[in-house]
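Descriptive structure summary
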Amino acid sequence: MKRKKLLLFLAVVVIALAATATLAVRKARILFAPDVYGLEPSKFEDHQRAKAAVSTLIDAPPATASKPNIIVILADELGYGDLSVQGSPAIKTPCMDALAAEGVRLTSFYASAPVCTPSRAGLLTGRYPLRSGLISPFPPSNNNLLRKAMRQAGALMSQMGMVDMPGGPNMVLGLPQSEITIPEALKLAGYSTAAVGKWHLGDFTVLPEYHPSNHGFDHFVGFNVSNDDWPVAFWRDRQEVVRDIGLDQDKYTRLFTEEAVSFIEQSKDKPFFLYLAQKDPHQPFFPSKDFAGKSDGGPFGDAVTEFDWGVGEVVACVKRLGLQDNTLVVVTSDNGPWFEGSPGGLRGRKGQTYEGGFRVPFIAWWPGHVPAGRVVDEPAMNIDLFPTFTKLAGLSLPKDRVIDGVDIAPLLTGRGTVPERALFFAHDYDIEAMRVGPWKYFHANSHYVWPVPLDKQDNIAGQVANGNTYHPAGSSESVPTLGTWPLLYNATRDPGEAYNVAKQHPDVVRAMEQRLGEWSKEYYANPRGWK
């Protein structure tokens, strides 16, 4: 009898402890929950719009209209300073250097996010990735329990201000079906389309609705996720070829390049769009034996060298087939460098709203249309590619949604200018910064400097850090002992964002703060940007 009572007592204690722990976890989640500004997944559910035919939203050109071939070669975490044409002393990139000499370089070109998944969404849709509910890289859907737990722990620590990792989940599981991508639009103008390389816009191995073929691509060869998000699957069209490539990665840059060349050869008699998203130079670095040890930049530099070779092979194919006068080639990167790589003297790296996280290389080549050796410093972003390409193909923009990008063909060709506009930079769901003309303005961010790396006041650690502000007795003024906001930099004279000139230009600060506030308010009220 006593034994039963003891067991009953212990059971009650265990239940009470479990209930207490559950309540504590719930309170912790509330306490440390990231600020999502009223956004919720239901606002990104749009099943009816997903069913709408693209042809009802975009006006197509006559079938006889001239249309250029378009090739986008996307690097994975290629830094602003990782090309020899942009000052790298350790890595030689002769193919991209030659392309720049024969084409145009945009020196103030930005990704639409400082991490890969949202940046790729912005490139393909012409819209800020926030409109798609995307802020962070998708993990593989069949991640193991340990990696899932580590990701959850990292998110919680980020919300506490201990580390800077994605502070909350994406609002969606993949690029929404209602988004219209570049290939979906170009198919209305008769284009053949192919995606080769890394996808990372929804793990189609588990969620087939996010396969590239459901976003306008006729042909796909590549990975479902990043090359370090094991298990990394290799697919050809809708067929899984390798369930997990593991560390057997050194062959894929060449394989993707050869697939790209093959698609160009097969599509040469009609307009085509090729999206070649190489795995390089994202870590881990597995350059093939022909490139291993060939650079002064270590394995990262070797990976960049092989990526450069791939660019050369694609351009050589275009020339060999005599397509150069009717083919636009764009080379850029999805975001700034991570652990390795050079931001080229810019402040910050991947994941940060400083220039080093967002500003990336950009080269465009189109003989006879783009003047050779042209260098342009006007700001532009990868969301501009959608409206630029659709305009070149004779298509209208979609009628039912905001397209955040603009046609930058005048910058590429030198036949005009782009009206001054604001470009916005988000960290998680917070729109932290913007650029207008030469000015880069930060409403708030973490300074990432000693002694408190994360001092933005949207978390407990940042609030504690800023509690050190000195308030002299009898004075209405206060003296910050750490960093201050707002931040204002002249991105033309000070691309390294070293000198905060907010106090010297209060009118600029007020105007930009108002503009950022207005745009943020509009976004949070209508996040999808539907008209």
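Residues numbered from 1 in each chain as written. Predicted model: local features only at pLDDT ≥ 70, side-chain atom pairs only at ≥ 80, totals over all residues. Heavy atoms only, no water.

Thoughts on the packing of aromatic side chains
Worth spelling out the cut-off: Within 6.5 Å between ring centres, the rings of Phe, Tyr and Trp (the latter by its six-membered ring) count as paired, and their orientation is classed by plane angle as stacked under 30 degrees, edge-to-face over 60, tilted in between. Every helix listed is a DSSP run of H or I at least four residues long, and every strand listed is a run of E at least two residues long, numbered separately from the N terminus. Lysine NZ or arginine CZ positioned within 6 Å of the ring centre and within 35 degrees of the ring normal marks a charge as sitting over the ring.
In the structure shown here, the tally under the stated rule is 28 aromatic pairs. Measuring from centroid to centroid gives 6.4 Å for Phe 223 and Phe 234, while their planes differ by 75 degrees, and the two rings are edge-to-face. With Phe 223 in strand E5 (residues 219-223) and Phe 234 in strand E6 (residues 234-236), the pair connects residues that are 11 residues apart, well separated along the chain. Among the aromatic residues, ring-to-ring pairing joins Tyr 37, Tyr 128, Phe 424, Trp 519, Tyr 523 and Tyr 524 into one connected group. Lying over the aromatic face of Trp 530, Arg 127 brings its terminal NZ or CZ to 5.4 Å of the ring centre. Here the basic side chain of Lys 350 rests over the ring of Trp 338, its NZ or CZ set 3.9 Å away from the ring centre.

Observations regarding the nonpolar core
Counted only if it meets this: For the purposes of this section, nonpolar cores are sets of buried Ala, Val, Leu, Ile, Met, Phe, Trp, Tyr and Cys residues that join through side-chain atoms within 4.5 Å. We call a residue buried when its accessible area falls under 20% of the maximum for its residue type, exposed when it is over 50%, and partly exposed in between, using a 1.4 Å probe and counting protein chains only. Throughout, a contact is declared for two residues whenever any of their heavy atoms are within 4.5 Å.
If you look at the biggest cluster of nonpolar residues, it comprises 88 residues, and the most contacted ones within it are Leu 106, Phe 273, Tyr 275 and Phe 389. Looking at this core, the element that brings in the most residues is helix H13 (residues 506-525), giving 6 residues. For Phe 389, the contacting residues outside a window of four places in its chain are Ile 70, Val 72, Ile 182, Leu 186, Phe 273, Leu 328 and Val 330. Within the second largest apolar cluster, 40 residues are counted, among which are Ile 71, Val 261, Phe 272 and Ile 363.

A look at the side chain of Glu 259
Relative to the elements of secondary structure, Glu 259 occurs in helix H7 (residues 252-266). Look at Glu 259 and you get buried, because its relative accessible area is 15%. Ignoring anything within four residues of it in the chain, the contact list for Glu 259 reads Val 196, His 219, Val 221 and Arg 236.

Notes on H13
Rule in force here: The span expected for a helix works out to 1.5 Å for each residue beyond the first.
The terminal C-alpha atoms of H13 lie 28 Å apart, and with 20 residues this matches the ideal 28 Å at 1.5 Å per residue to within 8%. Summarising the contacts, the buried residues of H13 are in contact with strand E13 (422-427), strand E14 (430-436), strand E15 (439-442) and strand E16 (487-490).

Regarding the packing of helix H3 (residues 94-102) against helix H8 (residues 298-320)
For clarity, the threshold we go by: Axes here refer to lines fitted to C-alpha atoms; in helices the fit is confined to the stretch in contact. Angles between the N-to-C directions go from 0 to 180 degrees. Small angles under 35 degrees read as roughly parallel and large ones over 145 as roughly antiparallel, with 65 to 115 read as roughly perpendicular and the rest as oblique. Ten residues, namely Ala, Val, Leu, Ile, Met, Phe, Trp, Tyr, Cys and Pro, are considered nonpolar, four, namely Asp, Glu, Lys and Arg, are considered charged, and the remaining ones, Gly among them, are considered polar.
The interhelical angle for the contact between H3 and H8, taken along N-to-C directions, is 50 degrees, at an axis separation of 7 Å. The orientation of H3 with respect to H8, classified from their angle, is oblique. Along the contact surface, H3 presents Pro 94, Cys 95, Met 96, Leu 99 and Glu 102, while H8 presents Phe 307, Asp 308, Trp 309, Val 311, Gly 312, Val 315 and Lys 319. Broken down by class, the residue content of the contact of H3 with H8 amounts to 8 nonpolar, 1 polar and 3 charged.

A closer look at the environment of Gly 301
By the secondary structure assignment, Gly 301 is in helix H8. The exposure class assigned to Gly 301 is buried, which follows from its relative accessible area of 0%. Sequence separation of Gly 301 and Pro 212 is 89 residues, and the distance between their C-alpha atoms is 30 Å.

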